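Okay, here's what each chain looks like letter by letter:
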Amino acid sequence: MRTFGLALLDSHGENRFARVRQFVGADASGVFGILPGHEAMVAVLRYGLARFLDDTGAWHYAALPGGVLRFSDNALSITSVRYFLGDEPGALVAGLAREMARDDSELSTARQTLAKIDRSLLRRLADMNSQGGA
Amino acid sequence: MRDDEKLIADTLRDARRLQEKAQRPAAWVGIMFYGGTLGLLFVVPIIAGAYLGRWLDSLVAGYSVRWTMSLIVLGIALGAYNAYRFLKGKS
């Protein structure tokens, strides 16, 4: 059975699948598929769902906010800001909303922490300034 | 629309499309093509076995159907295996 390697890369890390039989994604022109031995190609994926079939016959799904797909030397790599993997599209959508909410919460916490640091820094500078002036 | 809202909306749309596609009844052309392929995979080894067996039996002195019967049975087994692999690949 002919297969190819798949690497999914984003800002959180990477996932590699050594034996993929088929990939189905979509760009601005529509849905397309990639099979082993495909010609070298580059595509800009659109927002939405991409899927791939592994050598055990199981489909895996990835939700992507766009990304760059590159296929060469029988290896496929997809680089995206963020991707979410799942084995069932319905569950993936449900998980996506949860994950997004968590990311938002983490971002909000990080912003609050930064604001606190900022305020402390300013207070310290003001203290140093007043001590220096006295 | 924010980027994360767009991602959820577009992923939901694609998931629905996939689900609709899976639930859509198969077209007649598809059913005929599928059935035809399955039939050919099963029947061709049996017919090939029968012809080959008949030819081998004609080489044997006197009346014989031993090769014909043996190769037909072998053809049935091979055809069933072919059909099984085809069905397994499609599921």
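Please refer to the structure higher up on the page.
Residues take numbers from 1 onward in each chain, read along the sequence in its written order. Throughout, the order in which chains and ligands are written sets their labels, letters from A for the former and numbers from 1 for the latter. Given that this is a predicted model, residues contribute local features only at a pLDDT of at least 70 and side-chain atom pairs are listed and counted only at 80 or more, while totals for whole chains, interfaces and linings are drawn from all residues. Only hydrogens and water are set aside; all other atoms, that is, all heavy atoms of the structure, feed into the side-chain values.

This brings us to the overall build of chain A. The helix and strand tally for chain A stands at one helix and seven strands. Taken from N to C terminus, the helices and strands of chain A fall in the order β-β-β-β-β-β-β-α. All accessible-area figures derive from a Shrake-Rupley calculation using a 1.4 Å probe, and residue coverage is judged against the displayed protein chains alone. Of the accessible surface of chain A, which amounts to about 8000 Å², a share of 55% is contributed by carbon and sulfur atoms. Counting from the N terminus, the helices are the DSSP runs of H or I reaching at least four residues and the strands are the DSSP runs of E reaching at least two.

Turning our eyes to something else, we now look at the overall build of chain B. Helix and strand counts for chain B stand at three helices and zero strands. Counting helices and strands in the order they occur from the N terminus, chain B gives α-α-α. Relative accessibility thresholds used throughout: buried, under 20% of the residue-type maximum; exposed, over 50%; partly exposed, between the two (1.4 Å probe, protein chains only). Evaluated residue by residue, chain B yields a buried proportion of 20% over its 91 residues. The contact definition used throughout considers only heavy atoms, calling two residues in contact when any of these lie within 4.5 Å. Sequence-distant contacts, at least 24 apart, represent 55% of the contacts inside chain B between residues at least 6 apart. Surface exposure of chain B reaches about 7100 Å², of which carbon and sulfur atoms provide 68%.

All names here are of chain A. The alternating pattern of strand S6 (residues 75-79) places Leu-76 and Ile-78 on a buried face and Ala-75, Ser-77 and Thr-79 on a face that is not buried. One requirement defines pairing of two strands: DSSP has to find at least two bridges between them. Note: strand S1 (residues 4-10) against S6, five bridges, orientation parallel. Across the sheet, Leu-9 pairs through a bridge with Thr-79, a residue of S6. Two strands pair when backbone bridges link them, and strand S5 (residues 59-72) and S6 are joined in this way by five bridges, in the antiparallel orientation. By the bridge assignment for S6, Phe-71 is matched with Leu-76. Hairpin connection between S5 and S6: a loop of two residues separates the two successive antiparallel strands, and Asp-73 in this loop has a positive phi of roughly 50°.

Residues and elements named next belong to chain A. Relative to the elements of secondary structure, Ser-80 occurs in the loop between S6 and strand S7 (84-86). Assessed through its relative accessible area of 8%, Ser-80 is described here as buried. Polar contact criterion, stated in full: a pair of N or O atoms within 3.5 Å, where within protein one must be able to donate a hydrogen and the other to accept it, and residues adjacent in sequence count only if both atoms are side-chain atoms. For Ser-80, the side chain forms a polar contact with the main-chain oxygen of Gly-66, separated by 2.9 Å. Reaching out from Ser-80, the side chain makes a polar contact with the backbone oxygen of Arg-82 at a distance of 3.0 Å. With near-sequence residues (within four places) excluded, Ser-80 lies in contact with Leu-9, Asp-10, Ser-11, Leu-64, Pro-65, Gly-66 and Gly-67.

Residues and elements named next belong to chain A. Grouped together as the largest cluster of nonpolar side chains are 18 residues, with contacts concentrated most on Phe-23, Ile-34, Leu-69, Leu-76 and Ile-78. Taken together, the elements giving at least two residues each to this core come down to S1, strand S2 (13-27), strand S3 (30-34), strand S4 (41-54), S5 and S6. In terms of residue count, the dominant contributor to this core is S4 (five residues). In this structure, Ile-78 is in contact with Leu-6, Ala-7, Leu-8, Leu-9, Phe-23, Leu-45, Leu-64, Val-68 and Leu-69, ignoring residues within four places of it in sequence. To define a nonpolar core, start from buried Ala, Val, Leu, Ile, Met, Phe, Trp, Tyr and Cys residues and group those joined through side-chain atoms within 4.5 Å.

To estimate the expected span of a helix, count its residues, drop one, and scale the result by 1.5 Å. Its 32 residues give helix H2 (residues 28-59) of chain B an end-to-end C-alpha distance of 46 Å, which sits within 8% of 46 Å, the value for a rise of 1.5 Å per residue. What H2 of chain B keeps buried is the set Pro-45, Ile-46, Gly-49, Gly-53 and Asp-57 of chain B.

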